[in-house]
Amino acid sequence: MAATIEELYRNYGILADAKDNLSQHKDAYQVILDGVKGGPKEKRLAAQFIPKFFSSFPELADAAINSQLDLCEDEDVSIRRQAIKELPRFATGENILRVADILTQLLQTDDTAEFNQVNTALISIFKIDAKGTLGGLFSQILQGEDIVRERAIKFLSIKLKTLPEDVMTKEVEDYVFTETKKVLEDVTGEEFVLLMRVVSGLRVLQTVSGRQQLVELVVEQAFLEQALNPADPDTVDRLLQCTRQALPLFSKNVHSTRFVTYFCDHVLPNLSTLTSPVAELDIQLEVLKLLAEMSPYCGDMEKLEANLNMLFNKLLEFMPLPPEEAENGENAASEEPKLQFSYVECLLFAFHQLGRKLPDFLLDKVDAERLKDFKIRLQYFARGLQVYIRQLRVALQGKTGDALKTEENKIKVVALKITNNINVLIKDLFHNPPSYKSTVTLSWKPVQKAEAVASSSNRCAPLCRLKRPSGEEMGTGGSMKKQISPLPRRDARQIYNPPSGKYSATIGNFTYEQRGGFRGGRGRGFGARGTRSRGRIY
């Protein structure tokens, strides 16, 4: 039988006056529990009165929590918000896990104010018992409905890093890492990125050994022990996502060797047949950029000569021979070969980095004819570079400030960075013997201080920002603070054609946003997650 407003107030008064004898007034508390069966006014009062005396009646604990839970599911949103606001008062002792589980399920609400109330309540019980709260969250991530799982993972990725050290103790962080590894056995691509953000922010993993553990986690997801199927966009997408997550973790102490080896063994041989997961993505350039970024952190390789040979052969593909001249001195070919500067920058940089480990490769491992052919290609490419560099410097001469911020000039600035980089690397390889001492910053990487482009300077301002604002600066530019990247966003490195038309190049930097999960069957790692049962399971 529902209690009236008068009965609720009367029994509240009895309990408030009882002080040390509260437990003797079980009937009065039962009347307050019955308030949830009344109208809106009775329910609002019950939502406030039930938690106030909850701890004094342990024998009615289940009934009290269930009554409050009924109010959390009421049709009246104001009643729901009041009930949710009071839920943390039930989070005592063994009830913490249940309350956390309930609040996690309530994350599925579409009401913004109610959603924020749930978030606030979860944060408050974190401060009561962080491990117990995490138990409720991970329980729903592993077993709950997909919408609850999705929002619980997002909650962790956003909120955990805001909690103080006295809440996120070593024991709690170890628990987060252990439970996250369980979740990673069956995730979508987007979930993988968010979960990597969660674990990469743990203080317990901010050491060399901790970063190495994170790399191992990514390696397991990347399936580097399996051959690559270049025709399967999901397989290619998985490799891209995993490599992007691993990149900020690499350093002189945490090596990229397994990823670089996999790219040389499985990706480069299939470069032209890779199937892009997104139509507008230049998949060849994307994987070459990843390889270039990883190469400075590569450790000792078992098949260094074979990997260098693969890079060397791939370089030859993108560095054309000069066109043959006809008897009248004109070019026999109908048009000049296109110089694909963006691809060559990546391949040359990776070759230059690995070449440091075997500096005699070009002299002792490449026969004379191939080396001569390579130098002819380098020389022809260098001539094209000089034309581009002169044209770009003229176009950018005297431009500073807002003038450099136009889309056209941003493209030219990036083009100048690419061509300057290639020029430096080619000069190194023309030394006798070849040198690997020069350092350059990849054209899409940011530098610490913007530099103005002036007529008297060969430098250019880094106006195109890095799509992953993380990782260590390559070359002499120092290092940047590392962090796991967010989902990549589109960059605007476009095609630049010089005014003369004599040379043309594809200077592109296409990235894409992860769209949903990875298709395919369930099982370890990325996959289409199965449908879970609906309904209240708390």
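Residues numbered from 1 in each chain as written. Predicted model: local features only at pLDDT ≥ 70, side-chain atom pairs only at ≥ 80, totals over all residues. Heavy atoms only, no water.

## A few points about the overall build of the protein
- For the protein, the count of helices and strands is 20 helices and zero strands.
- Sorting the 538 residues of the protein into buried and exposed places 53% on the buried side. (Helix = DSSP H or I, 4+ residues; strand = E, 2+ residues; numbered from the N terminus. Buried < 20%, exposed > 50% of the residue type's maximum accessible area, 1.4 Å probe, protein only.)

## Observations regarding the packing of helix 14 (residues 257–267) against helix 15 (residues 283–294)
- Where helix 14 contacts helix 15, the axes come no closer than 9 Å and their chain directions differ by 145°. By crossing handedness, the relation of helix 14 to helix 15 is classed as left-handed. Contact with helix 14, carried on its side by F259, V260, F263 and V267, involves V287, L290, L291 and M294 of helix 15 and no other residues of that element.
- Partitioning the contact of helix 14 with helix 15 into residue classes produces eight nonpolar, no polar and no charged. (Axes fitted to C-alpha atoms, helices over the stretch in contact; angles between N-to-C directions. Left-handed = near helix turned anticlockwise from the far one by under 90°. Contact = heavy atoms within 4.5 Å. Nonpolar A, V, L, I, M, F, W, Y, C, P; charged D, E, K, R; others polar.)

## Thoughts on helix 16 (residues 304–318)
- Compared with an ideal rise of 1.5 Å per residue, which puts 15 residues at 21 Å, helix 16 spans 21 Å between its outermost C-alpha atoms and is within 8% of the ideal.
- Those residues of helix 16 not exposed but buried are L304, N307, L308, L311, F312, K314, L315, L316 and F318.
- Where the residues of helix 16 are buried, they touch helix 14, helix 15, helix 17 (341–355), helix 18 (361–365) and helix 19 (368–396). (Expected span 1.5 Å × (residues − 1).)

## With respect to the pattern of salt bridges
- Applying the stated criterion across every chain, the model contains 24 salt bridges.
- Residues R258 and E216 are paired through a salt bridge, measuring 2.5 Å at the closest nitrogen-oxygen approach. A residue pair is termed long-range when its members are at least 10 positions apart, and R258 in helix 14 and E216 in helix 12 (residues 208–222) qualify at 42 residues.
- Taking the relative accessible area as the measure of exposure, R258 reaches 42% and is therefore partly exposed.
- By relative accessible area, E216 is classed as partly exposed at 35%. (Salt bridge = Lys/Arg side-chain N within 4 Å of Asp/Glu carboxyl O.)

## Observations regarding the nonpolar core
- Counting 157 residues, the largest nonpolar core has Y29, L103, F351 and L362 as the members making the most contacts within it.
- Top element by residues in this core is helix 19. It accounts for eleven residues. (Core = buried A, V, L, I, M, F, W, Y, C linked by side-chain atoms within 4.5 Å.)

## Looking at the environment of I128
- Among the structural elements, I128 can be located in the loop between helix 7 (112–126) and helix 8 (130–143).
- By relative accessible area, which is 49% here, I128 ends up partly exposed.
- Separated by 35 residues in sequence, I128 and G93 have C-alpha atoms that sit 9.7 Å apart.
- In this view, I128 contacts P88 and A91; residues no more than four positions away in its chain are not counted.

## Structural notes on the packing of aromatic side chains
- Tallied over the full model, the rule gives 15 aromatic pairs.
- Consider the rings of F126 and F155, whose centres lie 6.3 Å apart with planes at 20°: the pair is stacked. Taken together, the positions of F126 in helix 7 and F155 in helix 9 (residues 146–159) put the pair 29 residues apart, joining distant regions of the chain.
- Its relative accessible area of 1% is what places F126 among the buried residues.
- Ring geometry for F351 and F361: centres 5.9 Å apart, planes at 70°, overall edge-to-face. Taken as a pair, F351 in helix 17 and F361 in helix 18 lie far apart in primary sequence, ten residues in all.
- F351 sits in the buried class, given a relative accessible area of 0%.
- Exposure remark for F361: the relative accessible area of 1% places this residue in the buried category.
- Aromatic ring contacts, followed pair by pair, group Y9, Y12, F49 and F53 into a single cluster.
- Over the face of the ring belonging to F223 we find R238, whose NZ or CZ atom lies 4.2 Å from the ring centre.
- In this structure, K289 packs its charged tip against the face of W444, placed 5.4 Å from the ring centre. (Phe/Tyr/Trp six-rings, centres within 6.5 Å; stacked < 30°, edge-to-face > 60°. Lys NZ or Arg CZ within 6 Å of the ring centre and 35° of its normal.)

## Notes on the environment of S272
- By the element assignment, S272 lies in the loop between helix 14 and helix 15.
- Separated by eleven residues in the primary sequence, S272 and I283 place their C-alpha atoms 9.1 Å from one another.

## So, the confidence of the model for the protein
- On average, residues of the protein carry a pLDDT of 83, and 81% of them reach 70 or more.
- In the model, residues 450–525 has pLDDT below 50 throughout and makes 234 contacts with residues more than four positions away in sequence or in other chains.
- Contacts of residues 530–538 to residues separated by more than four positions or lying in other chains number 26 contacts, the stretch itself having pLDDT below 50. (pLDDT = per-residue confidence, 0-100.)

## Observations concerning the side chain of T243
- Within the element layout of this structure, T243 appears in helix 13 (residues 233–246).
- Classification of T243 by relative accessible area gives buried; the value is 0%.
- Reaching out from T243, the side chain makes a polar contact with the backbone oxygen of L239 at a distance of 2.6 Å.
- Excluding its chain neighbours within four sequence positions, the residues that come into contact with T243 are F259, F263, L290 and M294. (Polar contact = N/O pair within 3.5 Å; in protein donor to acceptor, adjacent residues only side chain to side chain.)

## Quick word on the side chain of R149
- Looking at the secondary structure, you find R149 in helix 9.
- At a separation of 2.7 Å, a polar atom in the side chain of R149 contacts the main-chain carbonyl oxygen of I141.

## Some points on unusual backbone geometry
- At the junction of N432 and P433, the peptide bond is cis and its omega measures out at 0° in the coordinates.
- Considering the arrangement of structural elements, one finds P433 in the segment after helix 20 (407–430).
- Of note, F223 is a non-glycine position whose phi angle comes to about 55°, a positive value.
- Tracing the chain through its elements places F223 in the loop between helix 12 and helix 13.

## Re helix 19
- Spanning 29 residues, helix 19 covers 41 Å between terminal C-alpha atoms, matching the ideal 42 Å at 1.5 Å per step.
- One side-chain oxygen at the N-terminal end of helix 19 lies 3.2 Å from the backbone nitrogen of E369; it belongs to D367.
- Positive backbone phi, approximately 80°, marks G398, located one or two places after helix 19.

## Quick word on the packing of helix 11 (residues 189–200) against helix 12
- Helix 12 packs onto helix 11 with a crossing angle of 165° between their chain directions and a minimal axis gap of 11 Å. Here helix 11 is positioned roughly antiparallel relative to helix 12, judged by the angle of their axes. The element helix 11 and its partner helix 12 pack so that their crossing is right-handed. Only L214, L217, V218 and Q221 of helix 12 make contact with helix 11, whose side of the interface consists of F192, M196, V199 and S200.
- In terms of residue class, the contact of helix 11 with helix 12 is made up of six nonpolar, two polar and no charged. (Parallel < 35°, antiparallel > 145°, perpendicular 65-115°, else oblique.)

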